Amino acid sequence: MLDTINQTFDLTQPQAEILGPLKLAYVGDAVYEIIIRTIVFGEGEFSVKKMNRAAKDLVNATTQAKLAKQMLPELTEEETTVFKRGRNTKSNSASKHSDIQDYRVATGLESLFGYWYFAGSMDRATKLLKNALKKENLI
């Protein structure tokens, strides 16, 4: 998908390794959400309202922090570095519905999803997410 977007709009492929953590988190937030929405959509015939409610339960800082903690032991050294850079970066925004620790861990997770997206490693991202969702009994 990324290649198609870059080619269609004549964009240069950014190098995942040199992007800042908040830029990775910006894209990673959307990547994570589309994965979750796809999972929810594939779970059955629900109304849009019910699908939105189910997705909302999985796309929040508290749940993302839980999933990140499940994923951490499986990360490579480079992935751990990306996660920590995202987690430790100060941002000007904060979550209204979670504590600051969960918000920062969630930002680290979103940075990872941005990294995987730009690195072309979505197979790894979805595998680790599936394992974490299972460990937390969310799927």
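Residues numbered from 1 in each chain as written. Predicted model: local features only at pLDDT ≥ 70, side-chain atom pairs only at ≥ 80, totals over all residues. Heavy atoms only, no water.

**As for the nonpolar core**
As a rule of thumb, nonpolar side chains are buried together in soluble globular proteins. In plain terms, the rule: We define a nonpolar core as any set of buried Ala, Val, Leu, Ile, Met, Phe, Trp, Tyr and Cys residues linked to one another through side-chain atoms lying within 4.5 Å. Throughout, exposure labels follow a simple rule: accessible area from a 1.4 Å probe, protein chains only, divided by the maximum for the residue type, with under 20% read as buried, over 50% as exposed, and the rest as partly exposed. Helix and strand assignments come from DSSP, with helices taken as H or I runs of at least 4 residues and strands as E runs of at least 2, each series counted from the N terminus. Note on definitions: a residue-residue contact is assigned when non-hydrogen atoms from the two residues lie within 4.5 Å.
Counting 32 residues, the largest nonpolar core has Y32, I36, M71, F113, W116, F118 and L129 as the members making the most contacts within it. Going through the elements one at a time, α2 (21-42), α3 (48-58), α4 (61-71), α5 (77-88), α6 (100-119) and α7 (122-135) are the ones with two or more residues in this core. Looking at which element gives the most residues to this core, the answer is α6, with eight residues. When sequence neighbours within four positions are dropped, the list of residues in contact with F118 reads L2, Q13, P14, A16, L19, L24 and V27.

**Some words on the layout of surface pockets**
Let me state the cut-off plainly: In this analysis a 1.4 Å probe is tested at points of a 1 Å grid over the protein atoms alone, and where it fits but cannot get out there is a cavity; an open set with protein on both sides within 12 Å along at least five of seven lines is a pocket; lining residues have an atom within 4 Å of a point. Grid points are joined across faces, edges and corners, and a volume is the space filled by probe spheres set on the points. Only Asp, Glu, Lys and Arg are considered charged in this grouping, and only Ala, Val, Leu, Ile, Met, Phe, Trp, Tyr, Cys and Pro are considered nonpolar; every other residue, Gly among them, is considered polar.
Within this model, the second largest pocket holds a volume of roughly 200 Å³. Contributing to the lining of the second largest pocket are M1, L2, V27, A30, V31, I34, I35, Y117, G120 and M122. No other element matches the five residues that α2 contributes to the lining of the second largest pocket. Tallied by class, residues from the lining of the second largest pocket come to nine nonpolar, one polar and no charged.

**Observations concerning the packing of aromatic side chains**
For any pair of aromatic rings, the description rests on two quantities: the centre-to-centre distance and the angle between the ring planes. Keep this limit in mind: Stacked, tilted and edge-to-face pairs are distinguished by plane angle, under 30 degrees for stacked and over 60 for edge-to-face with tilted covering the rest, among Phe, Tyr and Trp rings (Trp via its six-membered ring) whose centres lie within 6.5 Å.
Summed over the entire model, instances satisfying the criterion amount to three aromatic pairs. With centroids separated by 5.3 Å and ring planes inclined at 70°, the aromatic side chains of Y117 and F118 adopt a geometry described as edge-to-face. Assigned by exposure class, Y117 and F118 land together as buried. Aromatic ring contacts, followed pair by pair, group Y32, F113 and W116 into a single cluster.

**A word on the pattern of salt bridges**
A side chain of one charge can pair with a side chain of the opposite charge when the charged atoms of the two come close. Heads up, the condition is: Should a side-chain nitrogen of Lys or Arg be within 4 Å of a carboxyl oxygen of Asp or Glu, the pair is scored as a salt bridge.
Taken as a whole and judged by the stated rule, the model has three salt bridges. In this structure, the salt-bridge partner of K135 is E74, at a minimum N-O distance of 3.0 Å. Of the two residues, K135 sits in helix α7 while E74 sits in the loop between α4 and α5, which places them 61 residues apart along the sequence. The residue E79 makes a salt bridge to R124 at a minimum N-O spacing of 2.6 Å. With E79 in helix α5 and R124 in helix α7, this pair connects stretches of sequence that are 45 residues apart. With relative accessibility at 4%, the residue E79 sits in the buried group.

**Digging into the side chain of Q64**
Its location among the elements puts Q64 in helix α4. Taking the relative accessible area as the measure of exposure, Q64 reaches 3% and is therefore buried. Ignoring anything within four residues of it in the chain, the contact list for Q64 reads Y32, L58, A106, L109 and E110.

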